[in-house]
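Spelled out, the chains give:
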Amino acid sequence: MATEISAQAKDFDQDFIRVSCHALASSVCDEAQAWVRAIAQTMRELDAVTESQLRDKIAKYQTALHRPPDTLEELKQVLNTVNTIRGESMVMELRYADLEERYRTRLLYATNPEEESQCAHELASASQVRALWTELLNEAEAVDWSLEETKKKFSETTRSQVSDFAAITAELWEKFRTTGPGLPTVELASGLDELHKYESNLADALRQREQLVLAEKLFGMEITAYPELAQLESEIRKLAQVYGVYAEHAEAVRQYGGQLWSELDVGKMMAGTEAILTKLRKLKSLKLLPVYELVEKEIQGFYNSLPLMKELKSEALRCGPRGKLLAAPRHVVSAWLGTAANGMRNMAGLGLCGLAYTAYTASAATKQALNSDHASNVRASQPTGSATGRG
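Computed from a predicted model, the values in this text were never measured in an experiment.

Draft legend 1. Here's a closer look at the overall build of the protein. Looking only at helices and strands, the protein has 13 helices and 2 strands in total. Going through the 391 residues of the protein one by one, you find that 35% of them count as buried. Put simply, of all contacts in the protein between residues at least 6 apart along the chain, 76% involve residues at least 24 apart. Carbon and sulfur atoms make up 54% of the accessible area of the protein, which amounts to about 22,900 Å² in all.

Draft legend 2. Layout of the environment of E194. By secondary structure assignment, the location of E194 is in helix α7 (residues 188-218). The sequence separation of E194 and F176 amounts to 18 residues, and the corresponding C-alpha distance is 9.7 Å.

Draft legend 3. Structural view of the packing of aromatic side chains. The full count for this structure, using the stated rule, is 5 aromatic pairs. When the centroid spacing of 6.5 Å and the interplanar angle of 55° are considered together, the rings of Y61 and W133 count as tilted. Here the residue Y61 occupies a position in helix α2 (residues 22-65), and W133 occupies one in helix α5 (residues 113-146), the gap between them amounting to 72 residues. By relative accessible area, which is 11% here, Y61 ends up buried. Residue class for W133 comes out buried when judged on its relative accessible area of 1%.

Draft legend 4. Representation of the confidence of the model for the protein in the model. Residue-level pLDDT values for the protein average 77, and 71% of them are 70 or greater. Mean pLDDT per element in the protein: helix α13 (residues 386-390) is the minimum at 39, and helix α8 (residues 227-257) is the maximum at 92. Low pLDDT (under 50) marks residues 343-360, which in the prediction has 17 contacts with non-local residues, meaning those over four places away or in another chain. Taken as a whole, residues 374-391 scores under 50 in pLDDT and shows 20 contacts with residues more than four places along the chain or in a different chain.

Draft legend 5. Molecular detail of the nonpolar core. Grouped together as the largest cluster of nonpolar side chains are 45 residues, with contacts concentrated most on V242, Y243, L280, V291 and V295. For this core, the secondary-structure elements that each account for two or more residues are α6 (148-179), α7, α8, α9 (266-281) and α10 (290-312). In this structure L280 touches V242, V245, Y292, V295, E296 and I299, once residues within four positions along its chain are discounted. Judged by nonpolar contacts, the second largest core, of 27 residues, contains L99, V129, L147 and F219.

Draft legend 6. Examining the packing of α7 against α8 more closely. The N-to-C vectors of α7 and α8 enclose an angle of 145°; their axes lie 10 Å apart at closest approach. Helix-helix and strand crossings are classified by hand; for α7 and α8 the assignment is left-handed. The segment α7 lies against α8, with L188, A189, G191, L192, L195, Y198, E199, L202, A205, L206 and R209 engaging L229, L232, E233, I236, L239, A240, Y243, Y246 and A247. Looking at side-chain class alone, the contact of α7 with α8 contains 16 nonpolar, 1 polar and 3 charged residues.

Draft legend 7. View of the side chain of T273. Turning to its location among the elements, T273 is positioned in helix α9. Excluding residues that lie within four positions of it along the chain, T273 makes contacts with I299, F302, Y303 and L306.

Draft legend 8. Here's a closer look at helix α3 (residues 72-87). The end-to-end C-alpha distance of α3 is 22 Å, a good match for the 22 Å that 16 residues give at a rise of 1.5 Å each. Where α3 is concerned, the buried positions are L72, L75, K76, V78, L79, T81, V82 and I85.

Draft legend 9. Structural detail: the packing of α8 against α9. For the pair α8 and α9, the least separation of the axes is 9 Å and the interaxial angle reads 170°. One way to sum up the angle between α8 and α9 is to call them roughly antiparallel. When α8 is examined against α9, the residues V242, V245, E248, H249, A252 and Y256 are found in contact with a partner set consisting of K268, M269, I276, K279 and L280. Across the contact of α8 with α9, the residue classes tally to 7 nonpolar, 1 polar and 3 charged.

Draft legend 10. Main features of the pattern of salt bridges. In this structure the tally under the stated criterion is 18 salt bridges. A salt bridge links D144 to R86, with the nearest nitrogen and oxygen atoms 2.7 Å apart. Taken together, the residues span a long stretch of sequence, with D144 in helix α5 and R86 in helix α3 at a distance of 58 residues. Here R159 ties to E156 by a salt bridge, and the two come within 3.0 Å at their closest N and O atoms. Here R159 pairs with E156, and both are found in helix α6, just 3 residues apart, close to one helical turn. In this structure, a network of salt bridges that share partners links the residues R86, E141 and D144.

Draft legend 11. Summary view of the environment of S190. With respect to the element layout, S190 can be found in helix α7. The class of S190 is partly exposed, set by a relative accessible area of 38%. Here the side chain of S190 touches E187 through a polar contact of 2.9 Å, landing on its backbone oxygen.

Draft legend 12. Structural detail: the side chain of H249. Here H249 shows up in helix α8. A relative accessible area of 3% places H249 in the buried class. Residues contacting H249, with those up to four places away along its chain left out, are I276, E298, I299 and F302.

Each value, and the rule that gives it
- Residues numbered from 1 in each chain as written.
- Predicted model: local features only at pLDDT ≥ 70, side-chain atom pairs only at ≥ 80, totals over all residues.
- Heavy atoms only, no water.
- Helix = DSSP H or I, 4+ residues; strand = E, 2+ residues; numbered from the N terminus.
- Buried < 20%, exposed > 50% of the residue type's maximum accessible area, 1.4 Å probe, protein only.
- Contact = heavy atoms within 4.5 Å.
- Areas by Shrake-Rupley, 256 points an atom, 1.4 Å probe, with all protein chains shown as cover.
- Phe/Tyr/Trp six-rings, centres within 6.5 Å; stacked < 30°, edge-to-face > 60°.
- pLDDT = per-residue confidence, 0-100.
- Core = buried A, V, L, I, M, F, W, Y, C linked by side-chain atoms within 4.5 Å.
- Axes fitted to C-alpha atoms, helices over the stretch in contact; angles between N-to-C directions.
- Left-handed = near helix turned anticlockwise from the far one by under 90°.
- Nonpolar A, V, L, I, M, F, W, Y, C, P; charged D, E, K, R; others polar.
- Expected span 1.5 Å × (residues − 1).
- Parallel < 35°, antiparallel > 145°, perpendicular 65-115°, else oblique.
- Salt bridge = Lys/Arg side-chain N within 4 Å of Asp/Glu carboxyl O.
- Polar contact = N/O pair within 3.5 Å; in protein donor to acceptor, adjacent residues only side chain to side chain.

Right, dumping it as structure tokens:
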């Protein structure tokens, strides 16, 4: 724009009037050149950072490339550096080509000889990045060639590690299959703890497998498959979904047990338990797992005990004339929750007899907890608890 305006005439004759545009043209040219210089300065600052990053990256690769590999891990690092350099070749070419073009653009639009000289010097400096990267590529190929004998020596070590790891994964899978948390005889609470341990072991095994696969790739070896580890990973993921629902239920029961009897909202408890049951039943593909049936029985048993709890909280079944059950402490509520849930789960197939047995055992547990809590105040007789008789 400044060049075009400078090339045009500054005086115009209109009839008997001469219009002089020297001042306007000068102002427009100065403003345009100011914008060019501002844009060039911004580009210069950004490009200086980019050039510095590229140079630092090349220097870092050179340091890692020429580190003598005395151990297997050090050899892996050197070979990984070689592969990284090869893999980034196209990206680096695009980056330094773009950098050169940006410097060349500023040189093209330089507004004065001094700025032109500065841009030419910066372009020459940026062009060195191309030469440095080309030199690094050649060094990487030379290092890779020089490590052939070393790779052969350490490849034997890798084969031994692969063999040991395969044996470990087979042993871990056999232990999981025979004594793991997926057996039909497992206790759910202990099974959940065991599952967490197996998940930790699986995570360690997967990390070790990734390292061995990387070593096999670096040494040009055939990638080894670990079918037992794949089976273990699949089964643990399935069990984690079922045990996740159980853990949610167990946490809800724990929170209920921390409340006073008078604070319990049986309606909300039933709605929450039903939501957990719905979540469990959405896992249709896992219904064949033995643990699924155990978890379903556990949650369903607790859910079936809640209507009885609702009846015991009614006005007609208060425990004693002073409403001891209404003000029962938290450990009494915990005793009820545990006894009622277990009773309903174990007696689910006995109809009214099961219901009566559950009411008896739950009320007995409540009475025992109350007696223990207030033993110092009870002197005349043991409270039989009207709720027990009426349940």
